[in-house]
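# What the coordinates show
The primary structure of each chain is shown beneath.
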Amino acid sequence: MVTDPIADYLTRIRNAQMAGHRIVEIPASNLKKRMTEILYEKGYILKYKFEDDNKQGIIKIALKYDPQTRQPAIRMLERVSRPGLRRYAKPQDLPRVKNGLGIAIVSTSRGVMTDKEARAQHIGGEVLCVVY
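Note that the structure is predicted; figures quoted are calculated from it, not measured.

What the protein contains, in helices and strands, is 3 helices and 8 strands. Counting all 132 residues of the protein, 39% fall into the buried class. Of the contacts formed within the protein by residues at least 6 apart in sequence, a portion of 61% connects residues at least 24 apart. Working note: accessible area of the protein is about 7700 Å², and carbon and sulfur atoms make up 49% of it. Positive and negative side-chain charges of the protein, numbering 24 and 14 respectively, have mean locations separated by a distance of 4 Å.

Written out as structure tokens, the structure is:
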């Protein structure tokens, strides 16, 4: 049993990148699906696929690497809010990751979105993780 599924999601991606894997499989949930869509929209992963296995489902993520240096597109993937210490932020206090070059994924009352989208809509929420 996993106590923090988001930390497990992030760790699986980090471990697959460190091992140089092309594809990583992660147990699915609606929150993880939305986080995967955000990573794809912002260009951190090549592609993804949701598969139904008659249980909770699986997310298959194709990781993105630089063709010359073989460095992963995701330099850092870090959990901010965790079960023991939740981190909430008002719209004006949302973190700016790498002065706007990275993204923070925020869970708001209007769904999961990036920090820039939440700031534009003037809504705060729980800061799940930061990516750059």
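Put simply, helix α1 (residues 5-19) and helix α2 (residues 30-41) touch, their axes get as near as 10 Å, and they point 40 degrees apart. Judged by the angle between their axes, α1 and α2 are oblique. In this structure, α1 meets α2 at a crossing whose hand is right-handed. Within the contact between the two elements, α1 uses P5, I6, Y9, L10 and I13 and α2 uses L31, K32, M35, T36 and L39. Taken together, the residues of the contact of α1 with α2 sort by class into 8 nonpolar, 1 polar and 1 charged.

Below, the discussion takes up the domain arrangement of the protein. Domain boundaries in the protein define domain 1 (5-63) and domain 2 (77-131). Of note, the centres of domain 1 and domain 2, computed from C-alpha atoms alone, are 19 Å apart. In this complex, domain 1 contributes 12 residues to the contact, which on the side of domain 2 involves 14 residues. Roughly 1100 Å² of surface becomes buried between domain 1 and domain 2 when both sides are summed, with 77% attributable to carbon and sulfur atoms. Taken as a group, L10, I38 and Y44 account for 37% of the area that domain 1 buries against domain 2, more than any other trio of residues on that side. Counting every contact that joins domain 1 to domain 2 gives 0 salt bridges. Between domain 1 and domain 2 we count 2 residue pairs in polar contact (both at pLDDT 80 or more) in total. For the side of domain 1 that touches domain 2, a count of residues per class yields 9 nonpolar, no polar and 3 charged.

Okay, the pairing of strand β1 (residues 23-27) next. Going residue by residue along β1, you find V24 and I26 tucked away on one face and I23, E25 and P27 left uncovered on the opposite face. Here β1 pairs with strand β3 (residues 58-63) via 5 bridges, running antiparallel. Looking at β3, one finds that E25 is bridged to K60.

On to the pattern of salt bridges, then. This structure, assessed with the given rule, holds 9 salt bridges. E37 is paired through a salt bridge with R34; the nearest N and O atoms lie 3.4 Å apart. Residue E37 and its partner R34 are located together in helix α2, separated by 3 residues, close to a single helical turn. Overall, the relative accessible area of 23% leaves E37 in the partly exposed class. Judged by its relative accessible area of 22%, R34 is partly exposed. Through salt bridges with shared partners, a single network forms among E25, K49, E51 and K60.

What counts and how
- Here the residue index of a chain counts from 1 through its sequence in written order.
- Residues qualify for local features only when their pLDDT is at least 70, as the model is predicted, and side-chain atom pairs are given and counted only at 80 or more; totals for whole chains, interfaces and linings, by contrast, use all residues.
- Excluding hydrogens and water, the side-chain values take into account all heavy atoms of the structure.
- Working definition: helices are DSSP H or I runs of at least four residues, strands are E runs of at least two. Numbering for both runs from the N terminus.
- Classification of residues uses two cut-offs on accessible area relative to the type maximum, computed with a 1.4 Å probe and protein chains only: under 20% is buried, over 50% is exposed, and between them is partly exposed.
- Between two residues, a contact is recorded if the distance between any of their heavy atoms is within 4.5 Å.
- Residue-level accessible areas treat just the shown protein chains as cover; the underlying method is Shrake-Rupley with a 1.4 Å probe.
- Charged-residue counts in this description rest on Lys and Arg as positive and Asp and Glu as negative, His and the chain ends being excluded.
- Lys charges are placed at NZ, Arg charges at CZ, Asp charges at CG and Glu charges at CD.
- What counts as an axis is a line fitted to C-alpha atoms, over the stretch in contact for a helix, and the angles between N-to-C directions run from 0 to 180 degrees.
- When describing relative orientation, an angle under 35 degrees is termed roughly parallel and one over 145 degrees roughly antiparallel, while 65 to 115 degrees is termed roughly perpendicular and anything else oblique.
- Handedness of a crossing follows from how the near helix is turned relative to the far one, being left-handed for an anticlockwise turn of less than a right angle and right-handed for a clockwise one.
- Lys, Arg, Asp and Glu make up the charged group, whereas Ala, Val, Leu, Ile, Met, Phe, Trp, Tyr, Cys and Pro make up the nonpolar group; the residues left over, Gly among them, are polar.
- Residue ranges assigned to the domains are those given by an automatic or database domain assignment.
- When two parts are put together, the accessible area they lose, computed with a 1.4 Å probe and summed over both, is reported as buried area.
- Think of a salt bridge as a Lys or Arg side-chain nitrogen and an Asp or Glu carboxyl oxygen that are within 4 Å of each other.
- Definition of a polar contact: a pair of N or O atoms within 3.5 Å, with one able to donate and the other able to accept a hydrogen when the atoms are protein atoms, and with sequence-neighbouring residues admitted only if both atoms are side-chain atoms.
- At least two bridges found by DSSP between two strands are what make those strands a pair.

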